[in-house]
Amino acid sequence: MHSTRLQVVCDPEFTEILLAEIGEVGFNTFLETETGFEAFIEGDGFDQEQLNQLLEKYKEVQPLEFSLSQITKKNWNDEWEKNVEPIVVDDRCLVRATFHVIEKKYPYEIIITPKMSFGTGHHQTTHLMISRQMKMDHHGKRVMDAGCGTAILSIMACKLGADEVEAFDIDEWSVINGVENTELNNCSAIHIQQGKINEVGLTGEFDIILANINKNILLAEMNQYASCLKKGGQLLLSGFFVDDIADLKIEAAKFNLKEITHDERETWACLLLQKS
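Worth saying up front: this structure is predicted, and the values here are computed from it rather than measured. (Residues numbered from 1 in each chain as written. Predicted model: local features only at pLDDT ≥ 70, side-chain atom pairs only at ≥ 80, totals over all residues. Heavy atoms only, no water.)

> Could you give me a rundown of the overall build of the chain, with the residues and numbers involved?
Of regular secondary structure, the chain possesses eight helices and 14 strands. Here the chain has a C-alpha radius of gyration of 18 Å; the compact-globule value for 276 residues is 19 Å, and the two agree. The C-alpha extent of the chain, read off along each of the three principal axes, is 50 × 45 × 35 Å. Relative to its full complement of 276 residues, the chain shows a buried share of 54%. Across the chain, contacts joining residues at least 24 apart in sequence account for 66% of those joining residues at least 6 apart. (Helix = DSSP H or I, 4+ residues; strand = E, 2+ residues; numbered from the N terminus. Rg over C-alpha atoms; globule rule 2.2 N^0.38 Å. Buried < 20%, exposed > 50% of the residue type's maximum accessible area, 1.4 Å probe, protein only. Contact = heavy atoms within 4.5 Å.)

Structure (structure tokens):
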């Protein structure tokens, strides 16, 4: 099975907005480079016409280069190790790889070794989600992690005391990688499946649902999140810009989901909702 790689050369100030827009075209895994970033998707499941329109749109604003190629799937650890640094969220949670040696101790430590999976803690949205998770009561809770990527949010939930975490992702490598990362972190309460929310056979209700995906998917699946959430349960969302909060709140209100709070980091946002 091949993957499609999109290589993007752009000004650093456009990187974040392009990452979000290309995510909406269909690409779901990203690797930042010195000249921009690379985006990946399994097979050819992206919208070529929408991608062309995006290229034309930004060409009018600044120099931009797109290059598409097919690649054989491989472990991206070597490329990742060249650039990755450990990160600390709110001086409470260390996110590191197995090869990092950190002397300082933190209340929480997550070990992440990604393959072609999204979620190393370096992207603003993952940082926002972890930061907000540490302010939420996970103890004894049943948690869903929609679009889990590396399973970093599932692991955080487990370390915060969750009794059960049901995680899933559409990408096979994310599932394989997520399982590996849960084992690295000794998180036996996490169960990971491949598929979408309506395909993985979830039963029962959840106390907390985590979804760090993108705006379009969040809007499309809002009703399913609401139906899986207990009354009084919390839905934590990210993967969108501050300007998108209003649209998400309007959709959420249709399913009795009301804002508790939201957080911002640069242009990105995280929204916490509760089912009334």
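What follows continues from the structure just given.
> An account of the sheet that holds strand β6 (residues 93-96) is requested, with residue identities and associated values reported.
On the basis of which strands lie adjacent, the open sheet formed by three strands has the order β5-β6-β7 and mixed pairing. In this open sheet, the two edge strands, each paired with only one partner strand, are β5 (87-89) and β7 (108-111). Geometrically, the sheet is characterised by an average inter-axis angle of 20° between neighbouring strands, direction not taken into account. Bridging between β5 and β6 involves three bridges; their strand directions are antiparallel. Looking at the pairing, Ile-87 lines up with Val-95 of β6. Packing against the sheet, helix α5 (residues 152-159) makes contact with β6 and β7, and its axis sits at approximately 145° to β7. (Pairing = 2+ DSSP bridges. Axes fitted to C-alpha atoms, helices over the stretch in contact; angles between N-to-C directions.)

> Go over the pairing of strand β3 (residues 36-42), please, and point to the residues and values.
By the criterion of burial, β3 is predominantly enclosed, with six of the seven residues buried. In this sheet, β3 lies alongside strand β1 (residues 2-9) in antiparallel orientation, the contact comprising seven bridges. Residue Gln-7 lies in a different strand from β3, and its bridge partner there is Glu-38. Pairing of strand β2 (residues 29-32) with β3 involves four bridges; the strand directions are antiparallel. Paired with Thr-29 across the two strands is Phe-40, which belongs to β3. Linking β2 back to β3 in an antiparallel pair, the connection comprises three residues.

> Give me the packing of aromatic side chains: which residues, what numbers.
One pass over the full model with this rule turns up two aromatic pairs. With a centroid separation of 5.0 Å and 35° between ring planes, the pair formed by Phe-27 and Phe-46 is classed as tilted. One end of the pair, Phe-27, is in the loop between α1 (15-25) and β2; the other, Phe-46, is in the loop between β3 and α2 (48-59), with 19 residues separating them in the sequence. Judged by its relative accessible area of 2%, Phe-27 is buried. Since its relative accessible area comes to 16%, Phe-46 is described here as buried. (Phe/Tyr/Trp six-rings, centres within 6.5 Å; stacked < 30°, edge-to-face > 60°.)

> Mind laying out the pattern of salt bridges, listing which residues take part and the relevant values?
Across all of its chains, the model carries ten salt bridges by this definition. For Asp-91, the salt bridge goes to Lys-104, with nearest N and O atoms at 3.4 Å. A residue pair is termed long-range when its members are at least 10 positions apart, and Asp-91 in the loop between β5 and β6 and Lys-104 in the loop between β6 and β7 qualify at 13 residues. Of the residues examined, Lys-104 reaches a relative accessible area of 46% and is grouped as partly exposed. In this structure, Arg-96 and Glu-109 form a salt bridge, with 3.0 Å as the shortest nitrogen-oxygen distance. Highlighted residues: Arg-96 in strand β6 and Glu-109 in strand β7, separated in sequence by 13 residues. A relative accessible area of 16% means that Arg-96 is categorised as buried. Residues joined by salt bridges that share partners form a network here, namely Lys-215, Asp-244 and Asp-247. (Salt bridge = Lys/Arg side-chain N within 4 Å of Asp/Glu carboxyl O.)

> Which residues make up the sheet that holds strand β10 (residues 190-194), and what values do they have?
Within a sheet, adjacent strands bond to each other through the backbone by hydrogen bonds, running parallel or antiparallel. Across the sheet, seven strands lie side by side as β10-β9-β8-β11-β12-β14-β13; this open sheet has mixed pairing. The open sheet has two edge strands, β10 and β13 (257-265), and neither has a second partner. Within this sheet the neighbouring strands show an average axis-to-axis angle of 15°, counted without direction. Of the strand pairs in this sheet, strand β8 (residues 142-146) and strand β9 (residues 164-169) are connected by five bridges, and their pairing is parallel. Residue Asp-145 lies in a different strand from β9, and its bridge partner there is Ala-167. Its contacts with the sheet put helix α6 (residues 172-184) on β9 and β10, and the angle it makes with β10 is roughly 165°.

> Tell me about helix α8 (residues 245-253), and name the residues and values.
Given 3.6 residues per turn, any residue in an α-helix points the same way as the ones three and four places further on. Turning to α8, its buried residues are Ile-245, Leu-248, Glu-251 and Ala-252. For α8, the buried positions fall inside an angular range of 130° around the axis, keeping them on one side. Considering only its buried residues, α8 is in contact with α7 (215-228), β12 (229-241), β13 and β14 (268-275). (Arc of directions from axis to C-beta.)

> Requested: an account of unusual backbone geometry, with residues and values cited.
Residue Ala-151 is not a glycine yet carries a positive backbone phi of 75°. Tracing the chain through its elements places Ala-151 in the loop between β8 and α5. For Ala-151, a relative accessible area of 0% gives the class buried. Positive phi values are uncommon outside glycine, yet Glu-266 reaches one of about 55°. The topology assignment puts Glu-266 in the loop between β13 and β14. A relative accessible area of 58% places Glu-266 in the exposed class.

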